[in-house]
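# Reading the structure
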Amino acid sequence: MSNTVFVLNGPNLNLLGMREPEIYGSDTLDDIAGRLEDKAQGLGLEIEMRQSNHEGHLVDWMHEAQADNARAVILNAGALTHTSIALYDTIRAIRTPVIEVHLSNPHTREAFRHKSFVGMAAVGTIAGFGALGYELALDAAASFEP
Ligand code: DQA
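Conventions used here
- Residues numbered from 1 in each chain as written.
- Predicted model: local features only at pLDDT ≥ 70, side-chain atom pairs only at ≥ 80, totals over all residues.
- Heavy atoms only, no water.
- Near = heavy atom within 4 Å.
- Polar contact = N/O pair within 3.5 Å; in protein donor to acceptor, adjacent residues only side chain to side chain.
- Areas by Shrake-Rupley, 256 points an atom, 1.4 Å probe, with all protein chains shown as cover.
- Nonpolar A, V, L, I, M, F, W, Y, C, P; charged D, E, K, R; others polar.
- Axes fitted to C-alpha atoms, helices over the stretch in contact; angles between N-to-C directions.
- Helix = DSSP H or I, 4+ residues; strand = E, 2+ residues; numbered from the N terminus.
- Parallel < 35°, antiparallel > 145°, perpendicular 65-115°, else oblique.
- Left-handed = near helix turned anticlockwise from the far one by under 90°.
- Contact = heavy atoms within 4.5 Å.
- Expected span 1.5 Å × (residues − 1).
- Buried < 20%, exposed > 50% of the residue type's maximum accessible area, 1.4 Å probe, protein only.
- Arc of directions from axis to C-beta.

### Some remarks on the site of the ligand
- Residues in contact with the ligand, as listed here, are R19, Y24, N76, G78, A79, H82, H102, L103, S104 and R113.
- A distance of 2.8 Å separates an oxygen atom of the ligand from a polar atom in the side chain of N76.
- Between the ligand and H102, the relevant distance is 2.8 Å, taken from an oxygen atom to a side-chain nitrogen or oxygen of the residue.
- Relative to its free-state accessible area of 320 Å², the ligand is covered by the protein chains to the extent of 99%.
- Class assignment of the residues belonging to the shell around the ligand gives a composition of three nonpolar, five polar and two charged.

### Observations concerning the packing of helix α2 (residues 29–43) against helix α5 (residues 132–142)
- Running from amino to carboxyl end, α2 crosses α5 at an angle of 30 degrees, the nearest separation of the two axes being 10 Å. In terms of orientation, α2 lies roughly parallel with respect to α5. Between α2 and α5 lies a crossing whose hand is right-handed. Every residue of α5 that contacts α2 at L29, I32, R35, L36, K39, A40 and L43 is listed here: Y134, E135, L138, D139 and A142.

### As for helix α3 (residues 55–67)
- Over its 13 residues, α3 runs 19 Å from end to end, which matches the ideal 18 Å to within 8%, given 1.5 Å per residue.
- Regarding α3, the residues found buried are L58, V59, W61, M62 and A65. Down the axis of α3, the smallest arc covering the buried residues is 165 degrees, so these residues share one side.
- If you follow the buried residues of α3, they end up packed against β1 (4–9), β2 (46–51), β3 (72–76), α4 (85–93) and β4 (98–102).
- A positive phi of about 60 degrees marks N69, the residue just after α3.

Following this line, the structure appears as structure tokens:
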């Protein structure tokens, strides 16, 4: 197994920093990537950080993570979390463990955010800790058997 952790981000997460900062915080995705890279170095891991507004890209990238024998996938699927059976099927189809991350805590928000197709298939979920959640997820990924 490789030391690479894929960090995949779905719709609208490219707007982090300016998007509803009272909910999602003021860090941009690049800020988060920078901190993750520093942390990954200390853990002997490498990160592959990506973002797309298109569901199929997330599917393809999870297939790629498995083909590359990645250690784990950290996935913030944005709103696709609550709608995408394709992501549910993909997470179940691959052997690579997937960790679900959300900046906000969807359970304290609108009812339509309470259901997570990603969470139904992921190894575990980290939500509600803002950008720190990505770093907590990286700690979890580091704990997986190489
Ligand atoms: C989110 C929560 C989702 O409900 C929302 O659609 C997002 C961001 C989060 O990180 O808190 O786009 O995944």
